[in-house]
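Working through the structure, step by step
The lines below spell out each chain.
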Amino acid sequence: MPLIETYNLSKRYGDILALNNLCFKLEEGESLALLGRNGAGKTTTMKLILELIRPTSGTIKVIGRDHRDHNLRREIGYLPEEPALPMYAKAKNALLYYGMLLGLDRKTRNRRVDELLHRMGLYEDRNRMLNEYSRGMQQRVAFAQAIIGEPKILILDEPTAGLDPIWRKEIRSIIKEMTNSGCAALISSHILAEIELECDRAIIIDKGNTIKEGKIDELISVGRQYSVVVSEFKRGLITGIEKIGKVIEIDGNKLRIELKPGYSPQDIIEIVNKKKVDIVSISIFKVALEDIFSELVKEKK
Amino acid sequence: MIRFCGIIYGYFSYIGRRKTFYLVLGLGVLFVLISGCFYSENITINQRLIQGENLIKVVRSITLYLSIFWGMILGILIGISTATGEVENRHIELVLSKPITRTEYILARLLTAFIISFSITLVMSIISWVIYTLRLNVFDLRIFLGIGISALDIALIVSFVTLISLILPRLLAGFVGLMTYFFSFITGIDFLKGFVLSEDVPTFTKIIARIIYIIVPPFTNIHKIANSVMNRDMVSRGEFSNLIHGVLYLIICLFLIISIFRRKEF
């Protein structure tokens, strides 16, 4: 059963259509990225799921039930883009407070808070006020509050913002651990390289409209392009290859080839071998998600 | 229940860190202490010597006024952040992402605001009571009866200001709350009542006066009832209707607060 389902979800603010007929499903153990420029509708989608705002039209189901059932939020861990933490509180007390809001009993609350303070590397500083914390430490507290109730669904808006590379990696590994144990994650991030590492699927939205949706691997594989590294480059190779496709780029011994329909990578191997050249490696050509994203947004414009 | 307590705990911690809270508290205690210095077994008011039971009545009334006044001021200050404090700093997004209904949230916050304001009123009345018990050498607990009835006043000001803060900016809401409190002195005095009952006054003016009487929260009238009950004075049926007016006003305020807050988007 999908943990989150949205059907024709739309949100309008006056004349501005912030989200237009968004449909998606988020399955157990899956991590889905919401990509888009500022104001594309990513945060709006997240807030709609949490009922912080109401949809103009469309429906949302969380774990098969209407998302307006407040008890469902026990199963959701949310990290907003700029989390406003209670700065007047100590880190430990702030987390205990969130535990109370989740309805955790005292024993579980204390156990979870201690576990998370250790995991987030904040145990030594647990009695310091949050306003004395650095931006990165505050972000770790904010992430900890999202996972304190061991939720089934994670909704994370820029989860690694303000973190150094070591903590980015750690947060990624926590998200991975959770998704491996069946939790689903809906993630929005501007760091597209991270999305490539973290997410299984992505939805690219622009001005509220879905412009592309699919598995990350599919999104970053461009058409039928292959990267081929040969032992030695010969001019004759190009003539041979042009019978089955097109050489798009040559970089030393590395060729980027786009195959014509009906041909497979096996045909490349045969042609190269005929020219008495060895193939060192052959792989599907992938571009960075960032380039795909820019390209799609440009196209849409 | 844990969740409800959680909201109360969060708001207590927030208020406990506000300097304004301690400033008002300090000022209030200072005023109570200063007024306590004037208590003596012989007080002269308008060249009349007040003694015995009358003296205790006067002292009780002063104590009630001072304690309630600071409770009301604090109620206004806390009331302006009850519904909108966490909305403005966006902490509300984190709180409402937890399994809490908006009604639970706002009721817990209102309850906290009331408990704090009323506790301060109680603390001040206790300080004042200790002073006059020692200085006048009497043991009289009736002041707490008055304070108990005035709890309605505190609940009313907190709810009223919270409601206004959902419509107007916070500072303006505080100002409106303060002005309404002072204005209620006018509607509370017999002048308006006489105005409404007088036959010389045109009907239209009477209607306006009646509307004002209904719209303005009956802070002063509730206070007057508290004072009368505390001093064992006669309370007319008409005066008791002010108490019902107050309760109804409170219920309407709570209903409007919940309705508006539930419709809000964050």
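Residues numbered from 1 in each chain as written. Chains lettered and ligands numbered in written order. Predicted model: local features only at pLDDT ≥ 70, side-chain atom pairs only at ≥ 80, totals over all residues.

The next point concerns the nonpolar core. Proteins that are soluble and globular tend to have nonpolar side chains buried together. In this structure, A:L95, A:L154, A:I155, A:L186, A:A202, B:I157 and B:V158 are the most contacted members of the largest nonpolar core, which totals 130 residues. The element contributing the most residues to this core is helix α7 (residues 143–167) of chain B, with 14 residues. Contact partners of B:I157, with chain neighbours within four places excluded, come to B:M72, B:G75, B:I76, B:G79, B:G177, B:Y181 and B:F219. (Core = buried A, V, L, I, M, F, W, Y, C linked by C-beta atoms within 7 Å. Buried ≥ 20, exposed ≤ 12 C-beta atoms within 10 Å, placed from the backbone. Helix = DSSP H or I, 4+ residues; strand = E, 2+ residues; numbered from the N terminus. Contact = placed C-beta atoms within 7 Å.)

Attention now goes to the interface of chain B and chain A. Counting residues at the interface gives 23 residues for chain B and 23 residues for chain A. Elements supplying a minimum of two residues to the side of chain B that touches chain A: α1 (2–16) and α5 (92–96) of chain B. Here the element with the most residues in the side of chain B that touches chain A is α1(B); it accounts for eight residues. In the side of chain B that touches chain A, the residues fall into 10 nonpolar, seven polar and six charged. (Nonpolar A, V, L, I, M, F, W, Y, C, P; charged D, E, K, R; others polar.)

Next up on the list: helix α4 (residues 135–147) of chain A. Since the α-helix packs 3.6 residues into each turn, any two residues three or four apart lie on the same face. Helix length check: α4(A), at 13 residues, gives a terminal C-alpha distance of 19 Å against a target of 18 Å (1.5 Å per residue), a fit within 8%. Counting buried positions along α4(A) gives 11 out of 13 residues, so the element sits mostly inside the fold. Turning to α4(A), its buried residues number three or more, namely A:M137, A:Q138, A:Q139, A:R140, A:V141, A:A142, A:F143, A:A144, A:Q145, A:A146 and A:I147. In the core, the buried residues of α4(A) are packed alongside β6 (76–79), α2 (91–102), α3 (106–119), β7 (153–157) and α5 (165–180) of chain A together with α5 of chain B. (Expected span 1.5 Å × (residues − 1).)

This paragraph deals with the sheet that holds strand β9 (residues 201–206) of chain A. Residue and element names in this part refer to chain A. Spatial strand order, β6-β7-β8-β3-β9-β10: six strands in an open sheet with mixed pairing. The open sheet has two edge strands, β6 and β10 (209–215), and neither has a second partner. The average angle at which neighbouring strand axes cross in this sheet is 15°, direction not considered. Sheet topology places strand β3 (residues 31–35) next to strand β8 (residues 184–188); four bridges connect them, and they run parallel. Bridged to L34 within β8 is S188. Contacts from helix α1 (residues 42–49) reach β3, β7, β8 and β9, with the element oriented near 145° to β7. In this fold α5 packs onto β3, β7 and β8, with an angle of close to 145° to the strand it touches most, β8. (Pairing = 2+ DSSP bridges. Axes fitted to C-alpha atoms, helices over the stretch in contact; angles between N-to-C directions.)

Along its sequence, chain A is organised into domain 1 (4–207) and domain 2 (223–288). Using only C-alpha atoms to locate each centre, domain 1 of chain A and domain 2 of chain A end up separated by 44 Å. (Domains from an automatic or database assignment.)

On to the pairing of β7(A). Residue and element names in this part refer to chain A. Counting buried residues along β7, five of its five residues qualify, which places the element largely inside the surrounding structure. Side chains I153, I155 and D157 of β7 all project onto a buried face; the interleaved residues L154 and L156 project onto the opposite face, where all are buried too. Note that β6 and β7 share four bridges and pair parallel. Considered in β7, the bridge of L79 is made with L156. The pairing of β7 with β8 spans five bridges and is classified as parallel. Residue L154 lies in a different strand from β8, and its bridge partner there is A185. Once the chain exits β7 it traverses α5 before rejoining the sheet at β8, and the crossover so formed is right-handed. (Right-handed = clockwise from strand over helix to strand, strands pointing away.)

Attention now goes to the environment of A:L48. Residues and elements named next belong to chain A. Note on placement: L48 falls in helix α1. The exposure class of L48 is buried, given the 25 C-beta atoms found within 10 Å. Those residues within four positions of L48 in sequence are excluded, and the remaining contacts are L9, K11, I53, P55 and I60.

All right, on to unusual backbone geometry then. In the Ramachandran plot, A:E51 falls in the positive-phi region, its phi being about 60° despite a non-glycine side chain. Position of A:E51 among the secondary structure elements: in the loop between α1 and β4 (57–62). C-beta crowding within 10 Å serves as the criterion here: with 22 such atoms nearby, A:E51 is assigned to the buried category. One non-glycine residue, B:R90, lies in positive phi territory at about 65°. With respect to the element layout, B:R90 can be found in the loop between α4 (85–88) and α5.

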